[in-house]
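Survey of secondary and tertiary structure
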Amino acid sequence: MLVLLALIGYFAVQYNTTNGGGGAPHCTASVRTNALGVDMTPEQAGNAATIAAVGVAKGLPDRALTIALATSMQESGLRNLPHGDRDSLGLFQQRTSMGWGTEEQIMDPVYSAGKFYDHLVQVKGYADLPLTEAAQEVQRSGYPEAYAKHESEAVVIAAAFAGDGELTCGGPAPTAPGDPEKVRTELTRIFAKSKMHTAAAEPRRTQDAAGKVKEAEVTFVEKKDAGASAARGSKVMAGWAVANSRGMGVVRVSYGPESWVAGQARGEWQQLGPAGPQGKTGAPDPHRAETGSVRIFVAQ
């Protein structure tokens, strides 16, 4: 597949990056034990989140996520491109003429990521191979060594969504109403086969003092005794919601003892104590997530 040289420099790696809640929208993936931060645009972060989520939903290890992310970084800069070399398209520059699917299918990030993983798991011992070899077995690129340069960044992004890392997204809060049903449908579609979570059939809407609907809540709850796999799924769901917040109108995501709020705290996660945010006394925080649940609040 074509190496998109024009994308060189589009994907930036920075150190200790902070961006206030009112600044230009951007996301940063980081690992708590590493000073390296990988900066992404909202578009890149949303696509990275989908790649990671599809891998987690399939029960694949972080190594598979890393290989997939590095491959997409090289092929498209984590952008869902409607063009490429000959008939190459999408996040992985897959070709219709090579049996990857129809144009419509390939341009669907959930489908294209799924197809990449389906081919990857057919590679014997892929998790133990050098990343560039594993990626090349799937892609059959004319520039097979190019994938390796993205490995360190891909490791950080994979950890941010599914491991011991963190994703922060700064920028102003959405001003237009979002579509909670779309949020629920997309995450349900990604995780349908894993059957580790349940979600209400309808979003729950909350009103302000004047009776105006302010937010709609979509909540996913881990099934009883679902174990570590479900917890990993919950983490990637929360990261997916944050990464896609601008496009989906998400204003808040609560997971575990923390909450991410659009336009606040430089896009960083904030601790929520049982007695209120930041340890303040008073009634329990109404946005706190119970153990084993992810709460996603969408502007209305």
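Residues numbered from 1 in each chain as written. Predicted model: local features only at pLDDT ≥ 70, side-chain atom pairs only at ≥ 80, totals over all residues. Heavy atoms only, no water.

With respect to the overall build of the protein
Looking only at helices and strands, the protein features nine helices and 14 strands. Pairs at least 24 apart in sequence give 64% of the contacts found in the protein among residues at least 6 apart. When the accessible surface of the protein is summed, it comes to about 13500 Å², and 52% of that surface belongs to carbon and sulfur atoms. (Helix = DSSP H or I, 4+ residues; strand = E, 2+ residues; numbered from the N terminus. Contact = heavy atoms within 4.5 Å. Areas by Shrake-Rupley, 256 points an atom, 1.4 Å probe, with all protein chains shown as cover.)

A closer look at the confidence of the model for the protein
Here the protein averages 88 in pLDDT, and 88% of its residues register 70 or above. Scored below 50 in pLDDT, residues 275-279 shows twelve contacts in the model against residues more than four places distant or in partner chains. (pLDDT = per-residue confidence, 0-100.)

Re the packing of aromatic side chains
Inspection of the entire model under this criterion finds two aromatic pairs. Ring centres of Phe-92 and Phe-116 lie 4.8 Å apart, and the angle between their planes is 15°; on these two criteria the pair is classed as stacked. Pair noted here: Phe-92 is in the loop between strand S4 (88-89) and strand S5 (94-95) and Phe-116 is in helix H4 (residues 109-120), with a separation of 24 residues, a long-range link. Here the two residues Phe-92 and Phe-116 agree in accessibility, since each one is buried. (Phe/Tyr/Trp six-rings, centres within 6.5 Å; stacked < 30°, edge-to-face > 60°. Buried < 20%, exposed > 50% of the residue type's maximum accessible area, 1.4 Å probe, protein only.)

Quick look at the state of the cysteines
Considering all chains together, one arrives at one disulfide under this definition. The partner cysteine of Cys-27 in its disulfide is Cys-169, sulfur to sulfur 2.0 Å. Judged by the sign of its S-S torsion, about 110°, the bond between Cys-27 and Cys-169 is right-handed. In this pair, Cys-27 is assigned in strand S2 (residues 26-31) and Cys-169 in strand S6 (residues 165-170), connecting sequence segments 142 residues apart. You can call Cys-27 buried: its relative accessible area is 3%. You can call Cys-169 buried: its relative accessible area is 4%. (Disulfide = S-S within 2.5 Å.)

Looking at the pattern of salt bridges
Taken as a whole and judged by the stated rule, the model has twelve salt bridges. For the salt bridge of Glu-268 with Arg-266, the shortest nitrogen-to-oxygen distance reads 3.5 Å. Take Glu-268: its relative accessible area is 29%, and that puts it in the partly exposed class. Each of Asp-108, Glu-186 and Arg-189 takes part in a single network of salt bridges with overlapping partners. (Salt bridge = Lys/Arg side-chain N within 4 Å of Asp/Glu carboxyl O.)

Quick notes on the nonpolar core
Counting residues in each nonpolar core, the largest one holds 73 residues, and the members touching the most others are Tyr-117 and Ile-157. With nine residues, the single largest contributor to this core is helix H1 (residues 42-57). For Tyr-117, the residues in contact, after removing those within four places along its chain, are Ile-51, Ala-52, Val-54, Gly-55, Lys-58, Leu-60, Ala-64, Leu-65 and Ala-68. (Core = buried A, V, L, I, M, F, W, Y, C linked by side-chain atoms within 4.5 Å.)

Structural notes on the packing of H1 against helix H6 (residues 151-162)
For the pair H1 and H6, interaxial distance at closest approach is 10 Å and the crossing angle is 70°. Comparing their axes, H6 and H1 come out roughly perpendicular. The two elements H1 and H6 cross, and the hand of that crossing is right-handed. Across the interface between the two elements, Ala-45, Ala-48, Ala-49, Ala-52 and Val-56 from H1 touch Ile-157, Phe-161 and Ala-162 from H6. Considering only residue class, the contact of H1 with H6 consists of eight nonpolar, no polar and no charged. (Axes fitted to C-alpha atoms, helices over the stretch in contact; angles between N-to-C directions. Parallel < 35°, antiparallel > 145°, perpendicular 65-115°, else oblique. Left-handed = near helix turned anticlockwise from the far one by under 90°. Nonpolar A, V, L, I, M, F, W, Y, C, P; charged D, E, K, R; others polar.)

A short note on the environment of Ala-70
Along the chain, the position of Ala-70 falls in helix H2 (residues 62-76). Note on Ala-70: relative accessible area 0%, which makes it buried. Once the C-alpha coordinates of Ala-70 and Glu-151 are considered, the two residues, 81 residues apart in sequence, prove to be 5.8 Å apart. Apart from residues no more than four positions distant in its own chain, Ala-70 is found in contact with Leu-131, Tyr-147, His-150 and Ala-154.

Here's the deal with the pairing of strand S14 (residues 293-299)
Taken across its seven residues, S14 has seven buried, putting it largely inside the fold. Here S14 shows two buried faces, one formed by Ser-293, Arg-295, Phe-297 and Ala-299 and the other by Val-294, Ile-296 and Val-298. Here strand S9 (residues 213-222) runs beside S14; their pairing, made up of seven bridges, is antiparallel. The partner of Val-221 across the bridge, within S14, is Ser-293. (Pairing = 2+ DSSP bridges.)

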